[in-house]
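Coordinate analysis (summary)
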Amino acid sequence: MNLKYLMTITAAAAVIPAMGFAQDAPAPGFDEIGPYIMTTLLFLVGGFLVFWMAAGFAMLEAGLVRSKNVTMQLTKNISLFSIAAIMYWLIGFNLMYPGDFNGWFAPNFVPTTLEPVGVSAADVDLGYASVGSDFFFQLMFVAATASIVSGALAERIKLWPFLIFVVVLTGIMYPISGSWQWGGGWLSEAGFSDFAGSTIVHSVGGWAALAGAIVLGPRLGKYKDGQVHPMPGSNLALATLGTFILWLGWFGFNGGSQLAAGTVGDISDVSRIFANTNMAAASGAVAALILTQILYKKVDLTMVLNGALAGLVSITAEPLAPTLFGALWIGAIGGIIVVFTVPMLDKMKIDDVVGAIPVHLFAGIWGTIAVVFYNADTSIVTQVTGIIAYGVFTFVGALIVWFILKAVMGLRPSEEDEMNGLDTSELGMEAYPDFTKG
Amino acid sequence: MNLKYLMTITAAAAVIPAMGFAQDAPAPGFDEIGPYIMTTLLFLVGGFLVFWMAAGFAMLEAGLVRSKNVTMQLTKNISLFSIAAIMYWLIGFNLMYPGDFNGWFAPNFVPTTLEPVGVSAADVDLGYASVGSDFFFQLMFVAATASIVSGALAERIKLWPFLIFVVVLTGIMYPISGSWQWGGGWLSEAGFSDFAGSTIVHSVGGWAALAGAIVLGPRLGKYKDGQVHPMPGSNLALATLGTFILWLGWFGFNGGSQLAAGTVGDISDVSRIFANTNMAAASGAVAALILTQILYKKVDLTMVLNGALAGLVSITAEPLAPTLFGALWIGAIGGIIVVFTVPMLDKMKIDDVVGAIPVHLFAGIWGTIAVVFYNADTSIVTQVTGIIAYGVFTFVGALIVWFILKAVMGLRPSEEDEMNGLDTSELGMEAYPDFTKG
Amino acid sequence: MNLKYLMTITAAAAVIPAMGFAQDAPAPGFDEIGPYIMTTLLFLVGGFLVFWMAAGFAMLEAGLVRSKNVTMQLTKNISLFSIAAIMYWLIGFNLMYPGDFNGWFAPNFVPTTLEPVGVSAADVDLGYASVGSDFFFQLMFVAATASIVSGALAERIKLWPFLIFVVVLTGIMYPISGSWQWGGGWLSEAGFSDFAGSTIVHSVGGWAALAGAIVLGPRLGKYKDGQVHPMPGSNLALATLGTFILWLGWFGFNGGSQLAAGTVGDISDVSRIFANTNMAAASGAVAALILTQILYKKVDLTMVLNGALAGLVSITAEPLAPTLFGALWIGAIGGIIVVFTVPMLDKMKIDDVVGAIPVHLFAGIWGTIAVVFYNADTSIVTQVTGIIAYGVFTFVGALIVWFILKAVMGLRPSEEDEMNGLDTSELGMEAYPDFTKG
Amino acid sequence: MKLIIAAIKPFKLEEVREALTAIGVRGMMVTEIKGFGSQSGHTEIYRGAEYAVNFVPKVKLEIVVSAAMADQVVSTIQTTAKTDKIGDGKIFVLDVESAVRVRTGETNDDAL
Amino acid sequence: MKLIIAAIKPFKLEEVREALTAIGVRGMMVTEIKGFGSQSGHTEIYRGAEYAVNFVPKVKLEIVVSAAMADQVVSTIQTTAKTDKIGDGKIFVLDVESAVRVRTGETNDDAL
Amino acid sequence: MKLIIAAIKPFKLEEVREALTAIGVRGMMVTEIKGFGSQSGHTEIYRGAEYAVNFVPKVKLEIVVSAAMADQVVSTIQTTAKTDKIGDGKIFVLDVESAVRVRTGETNDDAL
Ligand SMILES: Nc1ncnc2c1ncn2[C@@H]1O[C@H](COP(=O)(O)OP(=O)(O)O)[C@@H](O)[C@H]1O
Ligand SMILES: Nc1ncnc2c1ncn2[C@@H]1O[C@H](COP(=O)(O)OP(=O)(O)O)[C@@H](O)[C@H]1O
Ligand SMILES: Nc1ncnc2c1ncn2[C@@H]1O[C@H](COP(=O)(O)OP(=O)(O)O)[C@@H](O)[C@H]1O
């Protein structure tokens, strides 16, 4: 805030005695509290937009699985969000944002507490935002990470082992690795840059999904006698809706990550981020549109949807610095990556039902590298260091957890149960009971 | 706004003549108008979020009815919102917010008028917000009340009697009882506390639905030879989408009810409300998730959805005061209530198609009672008084209206029409005509 | 910002030396930057709401086409938005907002560039908003225009010719005609008034759609042996969802068009606009509800949905000036227009799959005329002049483009391809592969 | 053995199934069909345009029973599915040469 | 009486129905089926993976007519459903022992 | 010619189709049906209420083959669709009087 300005008034005040400026403390002017209010608002609006992404993941995944596994996919999505919300409060938030702490081990597992009701300006950090809004905003990010995993492992993993993995991922793994950078840990000190989380959120989700997909194996019949047997999604309208929801939520995801909105510079930067985010999504979609037409002589809607999302993931590591043209080509490459890596994974017999690994992991890596093109303060070396650090920690960590879960309780339903679909076999409830499936 | 500060400037002004501070009146500084602008913004953003809940109810209900009644359910939902919007303008708003008036009778039925275009700061209450934003925000609440009724009575009530009930509920019943508390009526004087409307909005909707369900009777074949015959919802993806939409809208529902956002304390309180609201929904969902697994050995997605909503309703009466842990257990109990009361209603042969009564009425009562745990200024006695007052007034009032409608025009279609579904029999239009139902 | 007030302080500063006000430049107070921040925020929030309308159009159209053309409709919708985003950046924005330039020809085709990162208050127009937010907001409008066309021409136009038309419409046609009014061109000088674009956005989309529908001809079998053969939409739940999404987005569409939110008058006007917009939608829906009941003895949900949208389009040309009652009757007439013109188009053998022409063109014309009832500064003559100017330019321009496309690459698939549905014949991908269609 | 094919009104399915179980029918195949017959041809309005509905939803039952049971099954269906309104449906009887139960390989009457 | 079972291309349904009505067929049962035959086996691409489509959507007609009418019905279907492209479909004729109209109890030819 | 009607478990469809192709069956009609039989009647819980599931999803195959091939087709289906669990399904054989290929007008065995 504008100190000199305050002085003016105080000085002026001095002229007229008995005006006791001190008493004013309880009600400081907007120059002092404006930025706090605006940034808190940014977190609240950004936060509910990112919350909305949970619905986006749910619809995208429900649309891309077969009708016999839709109820299960919906159950996983709403449950994982709810569990993430609780775990992040219970230990995650304070594990991730200790400020000082570098995240290698958790000194104190303490649940999150917010500022008191009706807190006064004197008792908050007027340079930032309310703890409540910050917690609300950050919480949505960890949920996104977990959603990424559910999509990749769809149609073949039992409910409970998956949810237990979510507990570990959202309560411990994500917060620890997140603290390296956003908690002010060693990577941030090393100069790593990941504005809104191409690596910290998306690649981490992708790594956990990759580990799971490997341990779990493909859906029955997906790869038979050396051939890929596609299992088309049951509802592309839902899948498209989900993509639009994610696109919308991403404005909050990237825009809110400016972490400030109370100055001309900050709010203008948020605008820049909105514009760039939109451009990257659009170019990712168009890239996939054109590329699938060229490669397959037919446009593949599911690839266009993945392309838009890949564009979004690609720009997430640096949505501020690039020009609109920069956002365009960075996003477009994200879309291209998806079109080529989706079939590649199939060749490797890694079964990723919704394309989560190409979209979030591969495009996430690309986006993290692309930072160096527009952000002069970054170096390819530190970027790659970060990518590797998150990859090794999350992939290995996830592998271990998946193996333990497999040993202890098993990950997959019986063959017949999987064939009949998890909805009837595990939940005894169809998503579309009135409709004749064929 | 900060009076002393104004004095300062004025005084300072006095020192330097010819600066004509008076002329400044048309353009006061942000210290004066900032809170008004922020609170108005809170109402606008909160308002469009609560508007979104109308879509949430529509999707939730469309997903939980059988495919042969989906068009009807959608028609009821968009119509009831539209009617509520008109009735609340026509008489509701001024009936509910007379300030002084205690709502027992309506002295003047006058439509709502807003402030003039480009109103000047001098002509508004700078301590609150624009009438337009306030009206917009409040209007969305009455629509929510009506939506609750449509879900409970689905699949067996004719369109027009239902819509006429909506006219009475949104134009007269809700505004009158609402004025007791939010209009500054006798209950608010008595010290009743219902922050965002667990009772005033949700229980009221639930009471009206209960009265309707009793007068209407169950769907044909629901309770045959002493057995409950479930009629599974036709589209759980829509039902889940609807739940996510409602969850999102609830941030506006509870957050906007802070009714102020222009000070550090207020915006921080809104943040607290957002965080608590999210926590209660999450814990409600998790409670239902675990409980259905224990009780039925299988997770019931529809219960998890209801659980999340029950968590939201439970925290609505006091989303500010509780700690995050408080929100967690209050919401969890809401989720538990739903799991136990849904089958209970079936045992009583009260047919509630979407679980609206457990979610909005029972959890609403719980939430209103739970206020006493974190809000020292409340007493269980006044809370119960309020619950009973709203219950008696709404339930009896609704019973009377339902009986009159039944006598005058009949509530139910013919048996064969109901069997064939209201979509073809009443509207001549299927929701999913291309698909083979089975 | 408030000049006199600045003087005060400066003067006051003069009294107490050594306070060096000059140095303050980098950090001006909220009285100076508040309006800029609030208006930028208005554009960002309004912008993401209008973005959301793209999803609304996609769902509405996917719900109103037959199941065999859903994948294609979804592909068109996400692609057209992405293309619009790129074209508007590439040339559209600077073609439309040259300020001085009247848009008859484009002197310079230059891509959009935003202000630098962390721009300082001194380098922006504190009286308006950030370029980034402005661009983001305006961009969403052109996308809406293109969405209107896709709905009308659904189920029978090939993907690529449609997308090429979108390139021309969003890159050249819309920006040129838009500049006449919003770019400060001849129509604005002539006193034409179209607050948020009943004509500039909606009618323009409608004219382009009409031209396309004429050149393209109706779907096979739609008009056989002098009879209309309805082809019911495959998913009315999606269509209803789409309508709710559009309704929500419209608050940003009209509210954001106030182009200012940093004063009491502006934010109160935005509130007024929100309330009026909601009222017009509600009355449009109710009008269609009652009218279809009277005309056909049965309520037609698709008409109610169109009615709500027509109400929204009708109020878009002047959402600020009318009273709530004004919004009510203006919107209601919009709803009535739709109910009568949908069958009228069928009689003229113009096949508009989703009712885009009645909703956006006819109601758009009505809304533009209705301006004169509440806005004293407008005249019916200039309003009609504008309507005609946009009609002639867009309809003729579109006709030419459609004819060229038809000649060069053909617009329609083969008869059998159209019969089998574009999903399988053009894209080789069904939207609902698991379900038995009948 | 005989194959009995019946087209009935969907909302009668449950009742008919119960009646058949009561007389000892132990299995059947049920298919949603579009029926065309005298009932067809009523008109609907969609977005202001009248059109004839040529097909009405029906349920088709296919039941294989021993020749001895056939008549009883037919009359049971006929009496239960009856609403005396047009569109009640039809019952057809065809001869079946042989039957096999997949699980056990049992044949003919033992397979039913 | 005869039961005529025909599998045809979905987009031919309306045309065939009209042609049959024209020659006096007063009822039929229509079912959406997945057809397997010589036409099957073309390949599609989904997310970059080629796969063979083994089943193509067809519509199955089941029509019971008096023995006398059978041949005419068969030839009408055959000529109307014909597109000379592979996958046009098949027509089969089976013998029906008896028929009953649910509503009236009329039997055999009177039931049709 | 014979019409072979088989009701099998849905997840066995692909396997059975392959087995039949292997022995030279060149076409069939596949329909999703609701099956009722000894397997039926297990209970589910929906929103806390137990209910009996009377119908289980099955797939119905209809295959017309030359009389000579019939037995082989039946035994192939029986062996392939077998899981030894209740609900494996049934196979019925009916006589077909005549067949026509729509595209060419070929009749009987040539039509298959
Ligand atoms: N000739 C027929 N062949 C096959 N199915 C028929 C025939 N006639 C009628 N059906 C079936 O029976 C149903 C009822 O027949 P319809 O003539 O409409 O009523 P009703 O049997 O009361 O005269 C029809 O919808 C159709 O499914
Ligand atoms: N042997 C058969 N038994 C039953 N239905 C058959 C048989 N052969 C073909 N069909 C049906 O006829 C349809 C068309 O047959 P197909 O061999 O693909 O083309 P065509 O009849 O032109 O040779 C198939 O999709 C299938 O539904
Ligand atoms: N009498 C019958 N007529 C027609 N279809 C039958 C008959 N009995 C059984 N089916 C079909 O066969 C399926 C399996 O029969 P079911 O009795 O459940 O098991 P199983 O064949 O192992 O004894 C049933 O779901 C039904 O579709």
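Attention here is on the structure that accompanies the text. Note that the coordinates shown come from a computational prediction; the quantities given were computed from them, not determined experimentally.

Residue and element names in this part refer to chain A. Nonpolar side chains collect at one region of the surface, where Ile164, Ile380, Val381, Val384, Ile388, Val392, Val396, Ile400, Ile404, Val408 and Met409 lie side by side and expose about 930 Å² of accessible area between them. Counting residues per element, the nonpolar patch draws most heavily on helix 13 (residues 380-409), at 10 residues. Relative to the elements of secondary structure, Ile400 occurs in helix 13. Classification of Ile400 by relative accessible area gives partly exposed; the value is 47%.

Our focus in this paragraph is the nonpolar core. Grouped together as the largest cluster of nonpolar side chains are 476 residues, with contacts concentrated most on A:Phe48, A:Trp402, B:Phe48, B:Trp402, C:Phe48 and C:Trp402. Among all residues touching B:Trp402, those that are not within four sequence positions of it are B:Val149, B:Leu153, B:Ile157, B:Pro161, B:Phe162, B:Phe165, B:Ala208, B:Ala211, B:Gly212, B:Val215 and B:Leu411. Counting 39 residues, the second-largest nonpolar core is a separate cluster that includes D:Val64, E:Leu3, F:Leu3 and F:Ala99.

Residue and element names in this part refer to chain B. By the definition in use, this model includes 57 salt bridges over all chains. Close ionic contact of Asp351 with Arg219 constitutes a salt bridge, the shortest N to O distance being 2.7 Å. Of this pair, Asp351 sits in the loop between helix 11 (324-347) and helix 12 (356-374) while Arg219 sits in the loop between helix 7 (198-216) and strand 1 (223-224), placing them 132 residues apart in sequence. The exposure classification of Asp351 matches that of Arg219, with both residues buried.

In this section: the site of ligand 1. Near ligand 1 lie 21 residues; those nearest to it are D:Ser38, D:Gly87, D:Lys90, E:Val64 and E:Arg103. For ligand 1, an oxygen atom lies 3.5 Å from a polar atom in the backbone of D:Phe36. Taking D:Asp88, its main chain carries an N or O atom lying 3.4 Å from an oxygen atom of ligand 1. Those elements giving two or more residues to the shell around ligand 1 turn out to be strand 2 (28-36) and strand 6 (89-95) of chain D together with strand 2 (28-36) and strand 5 (56-65) of chain E. Grouping the amino acids of the shell around ligand 1 by side-chain chemistry returns eight nonpolar, seven polar and six charged.

Quick notes on the rules
Per chain, the residues get numbers from 1 upward, laid out in the order the sequence is written. By the order in which they are written, chains take letters starting at A while ligands take numbers starting at 1. Local features in this predicted model are restricted to residues whose pLDDT is 70 or higher, and side-chain atom pairs enter the listing and the counts only when it is 80 or higher, whereas totals over whole chains, interfaces and linings include all residues. With hydrogens and water excluded, all non-hydrogen atoms of the structure serve as input to the side-chain values. Patches here: salt-bridge-free residues with over 30% relative accessible area, like charges joined within 9 Å, nonpolar side chains (Val, Leu, Ile, Met, Phe, Trp, Tyr) joined within 5 Å. A 1.4 Å probe and the Shrake-Rupley method give the accessible areas. Residues count as covered only by the protein chains that appear here. The term salt bridge refers to a pairing of a side-chain nitrogen on Lys or Arg with a carboxyl oxygen on Asp or Glu at a separation within 4 Å. Secondary structure elements are defined from DSSP: runs of H or I of at least 4 residues count as helices, runs of E of at least 2 residues count as strands, and each element is numbered from the N terminus. Burial classes: relative accessible area under 20% of the type maximum marks a residue as buried, over 50% as exposed, and values in between as partly exposed (1.4 Å probe, protein chains only). As used here, the term nonpolar core means buried Ala, Val, Leu, Ile, Met, Phe, Trp, Tyr and Cys residues forming a set that is joined through side-chain atoms within 4.5 Å. For this analysis, residues touch if any pair of their heavy atoms sits within 4.5 Å. Throughout, the term near means that a residue has one or more heavy atoms lying within 4 Å of the molecule or strand in question. Between N or O atoms, a polar contact is any pair within 3.5 Å; within protein, one atom must be a potential hydrogen donor and the other a potential acceptor, and residues adjacent in sequence are included only when both atoms are from side chains. Residues are grouped as follows: Ala, Val, Leu, Ile, Met, Phe, Trp, Tyr, Cys and Pro are nonpolar; Asp, Glu, Lys and Arg are charged; every other residue, Gly included, is polar.

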